[in-house]
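A structural walkthrough
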Amino acid sequence: MRYTRRALAAFAGLVLLTTAAACGSGDEDSSAATVEVFTWWAEGGEKAGLDALVSRFTAECPGQQFSDGVVAGGAGINAKQVLTARLAQNDPPDTFQVHAGAELTDFIDAGKVQDLTTEYDSWGLRQALPEGLVEDLTVNGEIYSVPANVHRANVVWTNPQVLSDAGINTAPTTLPAFLRDLEKLRKSGVESPLALGRDWTQLMLLEAVLITKLGADKFSGLFTGETSWNSTAVSAAITDFDKLVDYSNADRDALDWPDAERLLIDGKAGYQLMGDWEAADLEAKGFKAYDHFTFPGNGKVFQWLADSFVLSTGAPNPEGTRCWLGTVASAAGQQAFNAAKGSIPARTDTPTEGFSDYQLDAVEDWRTATPVPSCAHGSACSQAWQNAVNSALSAYSTTHHSVTALHKSLAGAAKQFIKQDQN
Ligand code: BGC
């Protein structure tokens, strides 16, 4: 019998696939259905958090197996692009990580996620979550995602040894005092005292300065149309942001947040503004001698963001995905996950055993402080708006360094993306 070249190639492919399946099975249960969980939690404290959730899922969902759809890159900078392409090709993962708020609304409006209202009721989630958070997950009375946590964005992390070597022993409470300390640190020989990374990390810094300059209400209004971007207060904030950037590392645009964090760990910088996933990550990397303070001038403002999980439209394994979401929704799942991730549970009835002192303080702050959303992490801005702001920052930081040009681009983006009905 003669075989065509095509038939031989197909046969060779089949042999390879069969062999790969046999070899790849390892200790996996080949009869189990898989649930692909798409996140950007690839290493350090982020991976530790995901692993803790996976352990609970494995225990609570027999016959279901976790499949890791991770795409590395802080704040989902790469994952979001891959996800968009997959959804456009009707190749959705079973579930994906998405920020509660404006970013989730994009997916709801596009019909990419399924209604979970019935599950919410059977899991008792409406009672267990803060009311405001449920509102951020709801569109037209239907609820579309399960929040795993609440993170805080407006925190400055420090290397106390580097600071005390320069004679800095107290945390600054105002922006001018912070700028003075940065200068002092530089004069002591730390050339780039403020560790900074690429675009979205710069946006976090800018947002923190805007909170200081405008206060909580006016800051939140920047994203609803109630506060104008064309004000002298906004331009003063951008000028102060520019001064802060002057104290940062020149290679910032090439660095993700863990690379900037490395500068802090290695004593090449004294400060880094970053969300409170940094605490868990520093611990996971064995650097325990860190400290933190709320960004100077932010007072009792808690800039929040929340990671949530959805049931994708067309999910290959909806039953297994519901079990994953049930794990994320459970108090035990939230305890295990948050103890490792550094965030606080979205559920207010979650036991806090295993939480660090920082996390216990954050639980209390979340109850009592004034919440504002984050644009860099999707609670305030849609993805398209984030992309526009990130490109404006990238152009400022890599090319023109002009405060006026940056202000113009930011105001232009707001004009483009603030929904008409919010004006
Ligand atoms: C996510 C966090 C994550 C951080 C850095 C944020 O957008 O909400 O879970 O740790 O990005 O990657």
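The structure this text deals with has already been given above.
The following refers to the structure shown.

Cut-offs used in this document
- Residues numbered from 1 in each chain as written.
- Predicted model: local features only at pLDDT ≥ 70, side-chain atom pairs only at ≥ 80, totals over all residues.
- Heavy atoms only, no water.
- Near = heavy atom within 4 Å.
- Polar contact = N/O pair within 3.5 Å; in protein donor to acceptor, adjacent residues only side chain to side chain.
- Areas by Shrake-Rupley, 256 points an atom, 1.4 Å probe, with all protein chains shown as cover.
- Nonpolar A, V, L, I, M, F, W, Y, C, P; charged D, E, K, R; others polar.
- Axes fitted to C-alpha atoms, helices over the stretch in contact; angles between N-to-C directions.
- Helix = DSSP H or I, 4+ residues; strand = E, 2+ residues; numbered from the N terminus.
- Parallel < 35°, antiparallel > 145°, perpendicular 65-115°, else oblique.
- Left-handed = near helix turned anticlockwise from the far one by under 90°.
- Contact = heavy atoms within 4.5 Å.
- Disulfide = S-S within 2.5 Å.
- Buried < 20%, exposed > 50% of the residue type's maximum accessible area, 1.4 Å probe, protein only.

A few points about the site of the ligand
Inspection of the region around the ligand gives 13 residues, with Glu 46, His 99, Asp 307, Lys 341 and His 377 positioned closest. Residue His 99 places a side-chain N or O atom 2.7 Å away from an oxygen atom belonging to the ligand. Separating an oxygen atom of the ligand from a side-chain N or O atom of His 377 is a distance of 2.7 Å. Summarising the interface, the protein chains cover 100% of the accessible area of the ligand, which totals 310 Å² for the free molecule. Partitioning the shell around the ligand into residue classes produces six nonpolar, four polar and three charged.

Considerations on the packing of helix H2 (residues 44-60) against helix H16 (residues 331-341)
The interhelical angle for the contact between H2 and H16, taken along N-to-C directions, is 160°, at an axis separation of 7 Å. As summarised for this structure, H2 and H16 are arranged roughly antiparallel, according to the angle between their axes. In this structure, H2 crosses over H16, and the sense of that crossing is right-handed. Here H2 contributes Gly 45, Glu 46, Ala 48, Gly 49, Leu 50, Ala 52, Leu 53 and Arg 56 to the contact with H16, which in turn contributes Ala 332, Gly 333, Ala 336, Phe 337, Ala 340 and Lys 341. Its residues assigned to classes, the contact of H2 with H16 shows eight nonpolar, three polar and three charged.

Let's talk about the state of the cysteines
For the structure on display, the rule yields two disulfides. The disulfide partner of Cys 61 is Cys 323, and the S-S distance across this bridge is 2.1 Å. Looking along the S-S bond of the Cys 61-Cys 323 disulfide, the torsion reads about -90°, which is the left-handed sense. Pair noted here: Cys 61 is in the loop between H2 and strand E2 (64-68) and Cys 323 is in helix H15 (residues 318-329), with a separation of 262 residues, a long-range link. Note on Cys 323: relative accessible area 26%, which makes it partly exposed. A sulfur-sulfur separation of 2.0 Å characterises the disulfide bridge that pairs Cys 375 with Cys 381. Judged by the torsion about the S-S bond (-110°), the Cys 375/Cys 381 disulfide is left-handed. Both residues of the pair, Cys 375 and Cys 381, belong to the buried class. Take the cysteines of the protein chain that form disulfides and number them in order along the sequence; they join up as 1-2, 3-4.

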